[in-house]
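# An overview of the molecular structure
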Amino acid sequence: MKKLKFLMFAFMIGTSMTSWAQTTVTGTVSDEQNIPLPGATVLEKGTKNGTTTDFEGNFTLQVSDENAILAVSFLGYASKDIPLNGQSNVSVSLEEDSSLLDEVVVVGYGVQKKSDVTGAIGSLKSESFNQGVVTNPGQLLQGKVSGVNVTSVSGEPGAAQNIIIRGVGSLRSGTTPLFVVDGFVIDNSPTGVASNPLNFINPQDIASIDVLKDASAAAIYGARAANGVIAITTKRGKTGKTEMNLSVSTAMSSLANGMDVFTADEFRQQVPAVGGTLIDGGANTNWEDELTRTGISKRVNLSMSGSTGGKFSYYVSGGVDDQEGIYNNSYLKRYSGRVNLTQKALDGRLNVEFNLTAAKTVNERPNISAIVTDMLQLNPTIPVFTNGEPTLLEERLNPIQRNRLYTDEANNHRILANIAPSFEIVDGLTYKVNLGVDYSATDRDIQSEPFALLEGEEFGELDSRTITNSNTLVENTLTYTFSTGDHNVTLLAGHSYQETIYKQKQFELEGFALNGIEPRYQDQISTEVRPTTLTSVAYKNEQQSFFGRMNYGYQDKYLLTATLRADGSSRFGENNKYGYFPSVALGWNISKEDFMADSEVFSNLKLRASWGQTGNQDGIPSKVSLASYVDSKTENDTYPIGGNEVTLDDYPFGTVPVRTAYPDLKWEVSTQTNIGLDFGLFKNQLTGSLDYFNKVASDVVLFANRIDPIQPTEKIWTNIPDMEIKNTGVEFTLDYNGSFSEDFTYNIGGNFAFTDNKVVDSQFEVITTGAASGAGQTGATINGYINNEPIGAFYMKDFIGIGADGLNEFRDVVPDGESLDNDRYAVGSALPDLIYAFYMNLNYKNFDLGLNFNGVSGNNIYNHTAMSLFTRGQLSRNLNTTPFAAEFPNESNSNSNEVSTRYLEDGSYLRLNNATLGYTLNPQDLGLGDLVSGIRFNITGQNLFVLTDYSGFDPEVNTNADIDGIQTFGIDRFTYPSPRTILFGLNVSF
């Protein structure tokens, strides 16, 4: 009994002492502007005892010792250790840490710290964007993210880009990734403007671009993410900071690389040398110089941003871009405005974000193929002008005259707006709705004014088009975040509905009065001889989706991400309305393990592994799974039923099937596996990542010849059984920051990606993606999809020289002594297997210099321009060429320019993409410190040089063409040349 009493007494004493030792600490956490930071973490250092601040930045914590140390942290701010030293109330001010802010990346319906990311995501902040004359987001990205190949379709202002993320994985949908702007999913439908549909976004408004490359990162977007996802985040007001920024620039662009066609004197020698009769106009004309110019581009952009009291922030901007091309009648003008607002209420529980972009884009284009043909082919002895007017040419328009008569002008108005209110229902549980609309309207007129002096041009023509697009989005999400002990969990559940409507009306008219008034402003009456043609197209696509994601972390060391999305689409067949896209990813922060704690080498080391599936519905046009019919009187489509019919005109219309129903049509599926390693060495002075991926596309969609002989139509929309498109590759990124002294710092790095692309188990000998065009050439296959070959494999005869008869000789692949179609074989690929880039940034006091290089290797280009223009026969007819045409002295002038390896060239190149030299001036030195916070001058060069063996204007080439909706790769046919640009810029901050 005495022993029991003693134990009870001892327990009471111990409890009393413990209670006496504990201390209650209260306090407030705020930023540098004394604005409260809700959700900041406060930990008793050395323990797991902690709490978070409320919506006013206040906290209360029981600590074990009045001399304990508090570790205070908040995302985007430098952490602080606060010794209590007996205090029971503390005020903590955290400073913004830009290096930590850079660690936040967009992951789809949310953001994550890089240390928590388990997928393959490439991130690019605004300070790392490509500089110069830039009109759309694709140009900002080129060469900046491993595994992302960006190639311009042409050199004209605002040209579209082909953006390929980890290889081409589809037949029909091309390469376009899914673009998401501030949480709004952009539809990839055409807008009616020939240039890039993303030109409406002002690049100076973009804060960051995140590229979601693997299925784990992209699967949250389901049936539209097979080509990857590019998430664009625009600028917002910064907490406690008010800023006004004005930037102005002027740029000059000129032809970077001309072709060595014969000069007038050389032409006078070469035409007789090949047996032609020279027509000498007595001039020395360089048509390249006459038809190109120095294009002047101007840009003005003004932005205002700030935040008040942590409850309201704003970013407002307006910009004007006026970019001239190197051809006359070639320009792009953009007038853009942006408003981004954020408002908080109810102690921070209610948060409303509003984003609005409005833009007007005016795009004028010359007749590009005709201009390229003329500048390379016209007789250089013919004068440009005769008696002050363009010289009349035989059977063709003088290109100077054509520029006066021809107009192709598109006016686009586009508004993208979304509002996203969110409300924290209880601690950690947030409901968010995202309501948005993207509306685009375009008027485009393509006209040729009548010209009485040339047969065939005397009537004039007009092609007038009106296109509207509307894209509406409604999304609802619930996000729940909680932590308990070593466990951190974020759960996301959501629903999305999106509707896109496309409408187009096209009028084609011919026969206008020669009265000095443009055809688009004339009245034109339709006649039987020259009838007016009206074509109308309209379609609506709908998509409903349910999705969820779980992010789990244990001790910030072991990470798990799992997603599932179900997409229902009106594009799918009746029996496959919904597709399901799962993914799972694991991450291990090795550097946070105890055995790495004392490492003086590794400051970061993380292993990632993921598997997932994404879909592709962009290759499926609207309603193609349904049967379709037309009325017809041709051939056997109709028959007499009344008995009194005399001619075909008396017959009734017959109903004819034009499309066979296929209710089983479904989306293409891309299954991807990824293993990655992120690392940082020597206090993150050297950082990088290494990824291996394997991406397989199946259920490939094609408009293919029917297999069942009783089908009513020749072709049918179907998923090709067993056929797969495989992309396997390795990506590597490396970056090093160093210094020579306190005033002299540098940053060097680069990336490369090797991709092995292959088509397997195809039922077809070749699915043509590229074909020849022109007299005697049209339809001949150049490249396509071939079993066990890369996409865009060139399929043609092997040219071995000119025979004794002066005609082409080809390798007899099938040894039968004849040159036949069976001698064609795969001879190279349009897609590079290696893409790479490297850069160097130097900073010395107030000067900075940045150099960015990029290149590709392992691809070929088919020089269709050379095949069409540079022949011996053309030269004999007084049409200019290059020395290529006279390469073989014994070649006959009647030799055909047949598709073959004679015109296939190496497409590898290394380019100095851009170089920028800048100087930042201290306003204090000018006595402007009270008025101006920063002044910067810069000069930027774009496309300064390119190392290549390709003989065309530029090796970065694509025709932006397709065959039956299947994209063409690697064919250079009269492409707009790439310019070399020098830009002078001034940026002033207030």
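These notes cover the structure that comes with them. If you're wondering where the values come from, they're calculated on a predicted model, not measured in any experiment.

What follows is about the overall build of the protein. Per the secondary structure count, the protein includes ten helices and 55 strands. Counting every position in the protein, which comprises 990 residues, the buried fraction comes to 50%. Put simply, 70% of the contacts in the protein that link residues at least 6 apart link residues at least 24 apart. Across the protein, 71 positive and 115 negative side-chain charges occur, with their mean positions spaced 7 Å apart.

Reading across the sheet, the four strands line up as β3-β2-β5-β6 and stay open at both edges, with antiparallel pairing between neighbours. A strand with exactly one partner marks an edge of an open sheet, and here the two such strands are β3 (50-52) and β6 (80-83). Each strand of the sheet is rotated relative to its neighbour by a mean of 20 degrees, with strand direction disregarded.

For helix α5 (residues 264-273), the complete set of buried residues consists of Ala264, Phe267 and Val271. Projection of α5 onto a plane perpendicular to its axis shows the buried side chains occupying an angular sector of 40 degrees, all on one side. Structural note: α5 exposes Gln269 and Ala273 on the side pointing more than 90 degrees away from its buried face. Turning to α5, the residues buried within the fold contact α10 (872-876).

Taken as a whole, this structure holds 21 aromatic pairs when the rule is applied. Centroid distance Phe581 to Trp667: 6.0 Å. Interplanar angle 70 degrees. Geometry classified as edge-to-face. Placement of the pair is Phe581 in strand β30 (residues 578-589) and Trp667 in the loop between β33 (654-659) and β34 (668-681), with a sequence separation of 86 residues. Phe581 sits in the buried class, given a relative accessible area of 0%. A residue is classified by how much of its surface remains accessible, and Trp667, at 8% relative accessible area, is buried. Arranged with centres 5.9 Å apart and planes meeting at 50 degrees, the rings of Phe884 and Tyr903 form a pair that is tilted. Here Phe884, found in the loop between α10 and β49 (904-906), pairs with Tyr903, found in the loop between α10 and β49; they are 19 residues apart in sequence, far enough to count as distant. Under the relative-accessibility criterion, Tyr903 is labelled buried at 3%.

Another point: the pattern of salt bridges. Taken as a whole and assessed by the stated rule, the structure comprises 31 salt bridges. Glu731 is paired through a salt bridge with Arg166; the nearest N and O atoms lie 2.8 Å apart. You can see Glu731 sitting in strand β38 (residues 724-739) and its partner Arg166 sitting in the loop between β12 (161-165) and β13 (178-181), a full 565 residues away along the chain. What makes Glu731 buried here is its relative accessible area of 1%. The exposure class assigned to Arg166 is buried, which follows from its relative accessible area of 1%. Put simply, Arg520 and Glu409 hold a salt bridge, and the shortest N to O gap is 3.5 Å. Placement of Arg520 in the loop between β27 (487-510) and β28 (533-554) and of Glu409 in strand β24 (residues 406-426) is noted, with a sequence separation of 111 residues between them.

Turning our eyes to something else, we now look at unusual backbone geometry. Phi is positive for Asn85, close to 50 degrees, though the residue is something other than glycine. Looking at the element boundaries, Asn85 is found in the loop between β6 and β7 (89-93). Asn85 gets classed as exposed once you look at its relative accessible area, which sits at 60%. For Asp699, which is not a glycine, the phi torsion comes out positive at approximately 55 degrees. Its location among the elements puts Asp699 in the loop between β35 (686-698) and β36 (701-705). Residue class for Asp699 comes out partly exposed when judged on its relative accessible area of 23%.

Okay, the environment of Tyr331 next. For Tyr331, the location among the structural elements is in strand β20 (residues 331-345). What makes Tyr331 buried here is its relative accessible area of 18%. As for Tyr331 and Ala772, which are separated by 441 residues in sequence, their C-alpha atoms are 29 Å apart. Once you skip the residues sitting within four places of it in the chain, Tyr331 turns out to touch Pro157, Gln323, Glu324, Gly325, Val362, Asn363, Glu364 and Glu409.

Membership of the largest hydrophobic core comes to 51 residues, with the highest contact counts inside it found for Leu171, Leu376, Ile782, Tyr785, Ile791 and Tyr862. Elements supplying a minimum of two residues to this core: α6 (287-291), α7 (368-377), β36, β41 (781-785), β42 (793-796) and α9 (864-869). Ranked by residue count, the leading element in this core is α7, at five residues. Dropping the residues within four chain positions of it, Ile782 is found in contact with Gly770, Ala771, Ala772, Ala793, Phe794, Tyr795, Met796, Tyr862, His864, Val899 and Ile971. With 25 residues, the next largest nonpolar core counts Phe129, Val145, Ala359 and Leu416 among its residues.

All right, on to α7 then. Among the ten residues of α7, nine are classified as buried, and the element is accordingly described as predominantly covered. Looking at α7, one finds that the buried residues are Ile368, Ala370, Ile371, Val372, Thr373, Asp374, Met375, Leu376 and Gln377. Buried positions along α7 lie against α6, α8 (399-405), α9 and α10.

With respect to the element layout, Asp438 can be found in strand β25 (residues 429-448). Sequence separation of Asp438 and Phe184 is 254 residues, and the distance between their C-alpha atoms is 8.8 Å. Apart from residues no more than four positions distant in its own chain, Asp438 is found in contact with Phe184, Ile186, Arg414, Ile415, Leu416, Asn469, Ser470 and Asn471. There is a polar contact of 2.7 Å between the side chain of Asp438 and the side chain of Arg414.

Of note, Ser249 is situated in strand β17 (residues 243-255). With near-sequence residues (within four places) excluded, Ser249 lies in contact with Ser297, Lys298, Arg299, Leu983, Phe984 and Gly985.

Locating Glu593 in the fold gives a position in the loop between β30 and β31 (602-616). Setting aside anything within four residues of it in sequence, one finds Glu593 in contact with Lys557, Tyr558 and Trp588.

On the surface, Tyr558, Trp588, Phe595, Leu607, Ile675, Leu690, Tyr692, Val730, Phe752 and Phe754 cluster together into a nonpolar patch covering about 890 Å² of accessible area. By secondary structure assignment, the location of Tyr558 is in strand β29 (residues 558-569). For Tyr558, a relative accessible area of 34% corresponds to the partly exposed category.

Analysis parameters
- Residues numbered from 1 in each chain as written.
- Predicted model: local features only at pLDDT ≥ 70, side-chain atom pairs only at ≥ 80, totals over all residues.
- Heavy atoms only, no water.
- Helix = DSSP H or I, 4+ residues; strand = E, 2+ residues; numbered from the N terminus.
- Buried < 20%, exposed > 50% of the residue type's maximum accessible area, 1.4 Å probe, protein only.
- Contact = heavy atoms within 4.5 Å.
- Lys, Arg positive; Asp, Glu negative; His and termini not counted.
- Charge placed at Lys NZ, Arg CZ, Asp CG, Glu CD.
- Pairing = 2+ DSSP bridges.
- Axes fitted to C-alpha atoms, helices over the stretch in contact; angles between N-to-C directions.
- Arc of directions from axis to C-beta.
- Phe/Tyr/Trp six-rings, centres within 6.5 Å; stacked < 30°, edge-to-face > 60°.
- Salt bridge = Lys/Arg side-chain N within 4 Å of Asp/Glu carboxyl O.
- Core = buried A, V, L, I, M, F, W, Y, C linked by side-chain atoms within 4.5 Å.
- Polar contact = N/O pair within 3.5 Å; in protein donor to acceptor, adjacent residues only side chain to side chain.
- Patch = residues over 30% accessible without salt bridge, like charges linked within 9 Å, V, L, I, M, F, W, Y side chains within 5 Å.
- Areas by Shrake-Rupley, 256 points an atom, 1.4 Å probe, with all protein chains shown as cover.

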